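Per-entry structural report
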Amino acid sequence: MEIHVNLELTDHCNIKCGMCSQSLRDDAHGVPKRFMPWETWKKALAGLADMEEEVHLCPHWLGEPTIHPEFDRFVEYAFAVNQQNRLFREFKLHTNAVVFSEDRSRLLVDLAQASGQLEDTFRWVHFSVDAFSPEAYSLVKGADRREQVYQNIHRFLEIRNARGARWPKVTLAFVVQPGNDHEAGDFLRHWQGTLQGLGCESRVTWDWPHELLDTIYFRPLNTGDQITADRLHAQTIQSLGLTVPKTDRLRSAESF
Ligand code: SF4
């Protein structure tokens, strides 16, 4: 049996997505936002050694993990102490890619190729993008960072490609909502073209990604008015010409 462990490096974030309750509150967990101390990270990782289940580790729950002042050190350490996968079987990073330098991309690709662990241990980098145009990005993400984010993701893919690395796979996520639904097609064509140009096999999904391929992922918005949000998501996906059930709700129970 597998267990998903989220060790939240921070509940701070550097942007303010309108869809995110974390971004709208000063105290996401009922206490002031913080960064995880080094000793806590070491102890938490050490505790994984005793888990009976297969651990799938993600250094994120709320917030943006890459803005932790010691993010690179934390992740490097996690892989260094995971020899023979004794702590975790899989690793997944969620990021908005605002702070994603060339050095960081190289480090992450190198960690995914590190010896002493199964080759697909660093399984995913999930890029939370949600827009194609700078205008929609500013509206949906609450920050003027579209160009930087696209540059950072392109560079990461090019570095992975240049290394001939199979892992990590990426998800390029787009939460369908008022303000970006009109440019889902542009988003799809941009990233499909980019991945094809790099020779990467990819897929498009409107539900939680399962296949181990680079994935362009159109996700429904979670909101108080779920019926309206699901309907917009379904209409948007159907407008892309993807083969989907003709229903107002396109997701399985395990999606979130
Ligand atoms: S990047 Fe993530 S944590 Fe930050 S505001 Fe957006 S959804 Fe929330």
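Scroll up for the structure.
Rules used in this analysis
Residues numbered from 1 in each chain as written. Predicted model: local features only at pLDDT ≥ 70, side-chain atom pairs only at ≥ 80, totals over all residues. Helix = DSSP H or I, 4+ residues; strand = E, 2+ residues; numbered from the N terminus. Rg over C-alpha atoms; globule rule 2.2 N^0.38 Å. Buried ≥ 20, exposed ≤ 12 C-beta atoms within 10 Å, placed from the backbone. Contact = placed C-beta atoms within 7 Å. Pairing = 2+ DSSP bridges. Right-handed = clockwise from strand over helix to strand, strands pointing away. Arc of directions from axis to C-beta. Axes fitted to C-alpha atoms, helices over the stretch in contact; angles between N-to-C directions. Parallel < 35°, antiparallel > 145°, perpendicular 65-115°, else oblique. Left-handed = near helix turned anticlockwise from the far one by under 90°. Nonpolar A, V, L, I, M, F, W, Y, C, P; charged D, E, K, R; others polar.

Let's talk about the overall build of the protein chain
- The secondary structure content of the protein chain amounts to seven helices and seven strands.
- Moving toward the C terminus, one meets the helices and strands of the protein chain in the order β-α-β-α-β-α-β-α-α-β-α-β-β-α.
- Against the globule reference of 18 Å for 256 residues, the protein chain gives a C-alpha radius of gyration of 18 Å, in line with a compact fold.
- Dimensions of the protein chain, computed from C-alpha atoms along their principal axes, come out at roughly 45 × 45 × 35 Å.
- Counting all 256 residues of the protein chain, 38% fall into the buried class.
- When contacts within the protein chain are restricted to residue pairs at least 6 apart in sequence, those whose partners lie at least 24 apart make up 76%.

Overview of the environment of Leu 195
- Summarising the element assignment, Leu 195 is placed in helix H6 (residues 184-197).
- By C-beta crowding, Leu 195 is classed as buried, having 21 other C-beta atoms within 10 Å.
- In sequence terms Leu 195 and Arg 163 are 32 residues apart; their C-alpha atoms lie 15 Å from each other.
- In this structure Leu 195 touches Cys 200, Ser 202 and Asp 214, once residues within four positions along its chain are discounted.

Quick notes on the pairing of strand S4 (residues 122-128)
- Burial analysis of S4 places six of its seven residues in the buried class, which makes it a mostly covered element.
- Of the strand pairs in this sheet, strand S3 (residues 90-95) and S4 are connected by five bridges, and their pairing is parallel. Looking at S4, one finds that Phe 91 is bridged to Phe 122.
- Remark: the S3/helix H3 (residues 102-112)/S4 crossover connection has right-handed handedness.
- Pairing of S4 with strand S5 (residues 169-176) involves five bridges; the strand directions are parallel. Across the sheet, residue Trp 124 finds its bridge partner in S5, namely Lys 169.

Side note on the environment of Thr 95
- Looking at where Thr 95 falls in the secondary structure, it is placed in strand S3.
- Considered as a pair, Thr 95 and Asp 11 are 84 residues apart in the sequence and their alpha carbons are 13 Å apart.
- Beyond its immediate stretch of four places on either side in the chain, Thr 95 contacts Glu 64, Pro 65, Thr 66, Phe 100, Val 125, Phe 127 and Ser 128.

With respect to H3
- Within H3, the full set of buried residues consists of Arg 104, Ser 105, Leu 108, Val 109, Leu 111 and Ala 112. Along the axis of H3, the buried residues cluster in a sector spanning 160°; they form a single face. Summarising the geometry of H3, the exposed residues directed more than 90 degrees from the buried face are Glu 102 and Asp 103.
- Against helix H2 (71-80), S4 and helix H5 (146-162) lie the buried residues of H3.

As for the packing of H3 against H5
- Viewed as axis vectors pointing N to C, H3 and H5 meet at an angle of 40°, and their least axial separation amounts to 9 Å. In terms of their interaxial angle, H3 and H5 are classed as oblique. The handedness of the crossing between H3 and H5 comes out as right-handed. Residues Glu 102, Ser 105, Arg 106 and Val 109 of H3 touch H5, and the partners they reach there are Arg 155, Phe 156, Ile 159 and Arg 160.
- Per-class residue counts for the contact of H3 with H5 are three nonpolar, one polar and four charged.

These values are about where atoms sit, not about what they do.
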